[in-house]
Amino acid sequence: MPSPALAPPPAAPAGPAPGPLTRSTLLALCACVLVAQSMVAAINLLIPQLAASALHPSATELLWTVDAYVIVFAGLLVPAGALGDRRGRKGVLLAGLALFAAGAATSALATTPALLIAGRGVSGAGAACVMPATMSILVRLAGPERRAGALASWTLAVGLGGLAGNVGGGAVGQFLSWRALFWLMVPLAALLAWAVAVTVPRTERSPHGRPDPRGTLLLVAALVALLAGIIEGPTHGWTSLRILVLFTVGAALAGLFTWYALRSPAALFDPRVFRSRPLRAAVLGTATGFFGLFSLFYANAQYLQYVKGYGPALTGLAIVPLTLGMALFPKVATRWQAGSGPRPAVATGLLLIGAGLLGVSTAGAHTPYALYACWLLVI
């Protein structure tokens with residue numbers, strides 16, 4: 001007899017089928033992805049200005065300002081995706097945009113580093129609602145025949161978000177106050193919410209179970225402990241008691257979540273899905289690619305400003321070769337996968353990312369920008 005977690009779900013209630021994916025819907029969803037992704041990179045260009053601001057943040061507080069967004073985003077990504085599937089993806093997307101704007105306003109008004117960090121965390125929670133909801137809506141509206149193209153557009157929006165964050169953050173750091181970046185996000189999020197409300201249809205809800213607050217708490221706590229250990233590791237030492245405790249707690253909570261999910265009748269997700277070799281490979285490949293790209297955004301800002309002596313605006317523009325490759329090759333990759341399957345394209349992509357990151361790691365004070373740009377293009 002199958003376990004409750006693997007039991008077939010009840011039939012979904014009948015309802016009106018969503019319309020096909022239109023250009024306006026695709027643009028609205030990709031714009032949401034682009035803006036949410038841009039705030040990962042933009043803050044990196046403002047570190048020198050923040051360090052000299054009236055907030056007087058410490059080095060650790062600066063690091064948490066950069067990473068609070070990503071930590072909350074990573075911790076809530078799976079729960080937010082499950083919430084959208086079960087309670088309505090369009091509603092969760094709109095709620096995410098509202099959270100994103102509220103967090104940006106909080107950061108813009110911050111009078112202490114703690115309040116700035118808290119605002120970044122709230123915006124990260126909004127981004128966690130935006131990213132899975134947009135992908136899920138696209139997959140359902142596109143249908144099998146247009147799914148690859150829709151996902152290529154979504155991926156391109158992620159890359160363009162990195163470009164927009166670097167260019168926008170650099171321009172703000174060069175010509176405006178750091179608060180201007182956060183104030184800009186408030187009306188922009190409101191405009192995107194209007195576009196989503198007008199152009200994006202509602203999709204059917206998943207009939208699977210109910211929200212899983214216990215599983216959500218365990219998963220978020222495990223991820224926060226793990227990521228906190230990674231962030232604090234360089235400061236306190238990788239073998240220090242504090243870091244070892246964080247990693248141990250993260251591993252224990254992850255194990256407890258797995259144990260709980262295997263026995264819950266309505267788990268956040270079933271860990272047994274990772275028995276699928278293609279899924280394991282896809283998750284590992286995606287995680288590796290994003291880890292490299294996000295790390296590059298941070299290192300690029302520090303290298304070009306502190307080592308090469310570039311101003312913030314020029315530093316933001318210097319990342320452009322990275323996004324040129326991401327803009328030019330998705331259609332090529334889509335055609336390649338259609339003819340040969342995903343393995344050759346994915347393997348080649350991961351190989352190029354690794355080679356490009358290896359090349360970037362050799363850059364020094366005397367490395368010509370032209371060579372550095374070539375490695376960005378390879379990535």
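Residues numbered from 1 in each chain as written. Predicted model: local features only at pLDDT ≥ 70, side-chain atom pairs only at ≥ 80, totals over all residues. Heavy atoms only, no water.

What should I look at first to understand the overall build of the protein chain in this one?
When helices and strands are tallied, the protein chain shows 14 helices and zero strands. What you see in the protein chain, going N to C, is helices and strands ordered as α-α-α-α-α-α-α-α-α-α-α-α-α-α. Compactness check: the protein chain gives a C-alpha radius of gyration of 21 Å against a globular reference of 21 Å for 379 residues, within 12% of the reference. When the backbone C-alpha atoms are referred to their principal axes, the protein chain occupies close to 65 × 50 × 40 Å. Expressed as a percentage of the 379 residues in the protein chain, the buried residues total 43%. Once local pairs closer than 6 in sequence are excluded, the contacts in the protein chain between residues at least 24 apart make up 79%. (Helix = DSSP H or I, 4+ residues; strand = E, 2+ residues; numbered from the N terminus. Rg over C-alpha atoms; globule rule 2.2 N^0.38 Å. Buried < 20%, exposed > 50% of the residue type's maximum accessible area, 1.4 Å probe, protein only. Contact = heavy atoms within 4.5 Å.)

Please explain the packing of aromatic side chains as it appears in this structure.
Each aromatic ring pair is summarised here by two numbers: the centre-to-centre distance and the angle between the ring planes. Summed over the entire model, instances satisfying the criterion amount to four aromatic pairs. Ring centres of Trp 238 and Phe 247 lie 6.4 Å apart, and the angle between their planes is 5 degrees; this geometry places the pair in the stacked category. Note on Trp 238: relative accessible area 46%, which makes it partly exposed. Residue class for Phe 247 comes out partly exposed when judged on its relative accessible area of 26%. (Phe/Tyr/Trp six-rings, centres within 6.5 Å; stacked < 30°, edge-to-face > 60°.)

Would you explain the confidence of the model for the protein chain in this entry?
Fine structural detail should not be taken from predicted coordinates in areas where pLDDT scores are low. Per-residue confidence for the protein chain gives a mean pLDDT of 83, with 94% of residues at or over 70. The element-level mean pLDDT for the protein chain is lowest in helix α12 (residues 330-340), coming to 76, with helix α4 (residues 89-108) highest at 93. (pLDDT = per-residue confidence, 0-100.)

Sorry, what's going on with the packing of helix α7 (residues 213-236) against helix α8 (residues 241-263) here?
Angle between the axes and distance between the axes are the two parameters that describe a pair of packed helices. Between α7 and α8, whose axes approach to 8 Å, the crossing angle comes to 160 degrees. The orientation of α7 with respect to α8, classified from their angle, is roughly antiparallel. Of the two elements, α7 crosses α8, and the hand of that crossing is left-handed. Counted by class, the contact of α7 with α8 contains 17 nonpolar, five polar and three charged residues. (Axes fitted to C-alpha atoms, helices over the stretch in contact; angles between N-to-C directions. Parallel < 35°, antiparallel > 145°, perpendicular 65-115°, else oblique. Left-handed = near helix turned anticlockwise from the far one by under 90°. Nonpolar A, V, L, I, M, F, W, Y, C, P; charged D, E, K, R; others polar.)

How do you make sense of a nonpolar patch on the surface when you look at a structure like this?
Nonpolar side chains collect at one region of the surface, where Leu 324, Leu 328, Phe 329, Val 332 and Leu 377 lie side by side and expose about 500 Å² of accessible area between them. Structurally, the position occupied by Leu 324 is in helix α11 (residues 320-328). (Patch = residues over 30% accessible without salt bridge, like charges linked within 9 Å, V, L, I, M, F, W, Y side chains within 5 Å. Areas by Shrake-Rupley, 256 points an atom, 1.4 Å probe, with all protein chains shown as cover. Salt bridge = Lys/Arg side-chain N within 4 Å of Asp/Glu carboxyl O.)

Please clarify how the side chain of Ser 136 should be interpreted in this entry.
Within the secondary structure, Ser 136 sits in helix α5 (residues 113-175). Setting aside anything within four residues of it in sequence, one finds Ser 136 in contact with Asp 85 and Arg 89.

What should I look at first to understand the pattern of salt bridges in this one?
Any two side chains of opposite charge can pair if their charged atoms end up close together. Throughout the structure, instances matching the rule amount to one salt bridge. Measuring nitrogen to oxygen at the nearest pair gives 3.1 Å for the salt bridge that ties Asp 270 to Arg 272. Both residues of the pair, Asp 270 and Arg 272, belong to the buried class.

Just to check I follow, could you spell out unusual backbone geometry for this structure?
Both trends apply: most residues other than glycine have a negative phi, and most peptide bonds are in trans. A positive phi angle, close to 50 degrees, is found at His 56, a residue other than glycine. Looking at the element boundaries, His 56 is found in the loop between α2 (47-51) and α3 (59-87).

Where do I start with the nonpolar core in this structure?
Side chains of nonpolar character tend, in soluble globular proteins, to be buried together. With 53 residues, the main nonpolar core has Leu 93 and Phe 182 as its most contacted residues. Of all the elements, α5 adds the most residues to this core, at 16 residues. If we ignore the near neighbours within four places in the chain, the residues touching Phe 182 are Met 39, Ile 43, Ala 104, Ser 107, Ala 108, Leu 116 and Arg 120. Grouped together as the second largest cluster of nonpolar side chains are 14 residues, Ala 41, Leu 163, Tyr 303 and Leu 322 included. (Core = buried A, V, L, I, M, F, W, Y, C linked by side-chain atoms within 4.5 Å.)

Could you clarify how one ought to interpret the packing of α3 against α4 in this entry?
Closest axis-to-axis distance for the α3/α4 pair is 9 Å, and the angle between their directions is 155 degrees. With respect to each other, α3 and α4 are oriented roughly antiparallel. When you trace α3 past α4, the crossing you get is right-handed. Two secondary-structure elements touch here, α3 through Tyr 69, Ala 80, Leu 83, Gly 84 and Asp 85 and α4 through Arg 89, Val 92 and Phe 100.

When you look at the environment of Pro 187 in this model, what are you seeing that I'm missing?
Position of Pro 187 relative to the elements: it lies in helix α6 (residues 178-199). By relative accessible area, Pro 187 is classed as partly exposed at 48%. Through-space distance from the C-alpha of Pro 187 to that of Ala 101 is 7.8 Å; in sequence the pair is 86 residues apart.

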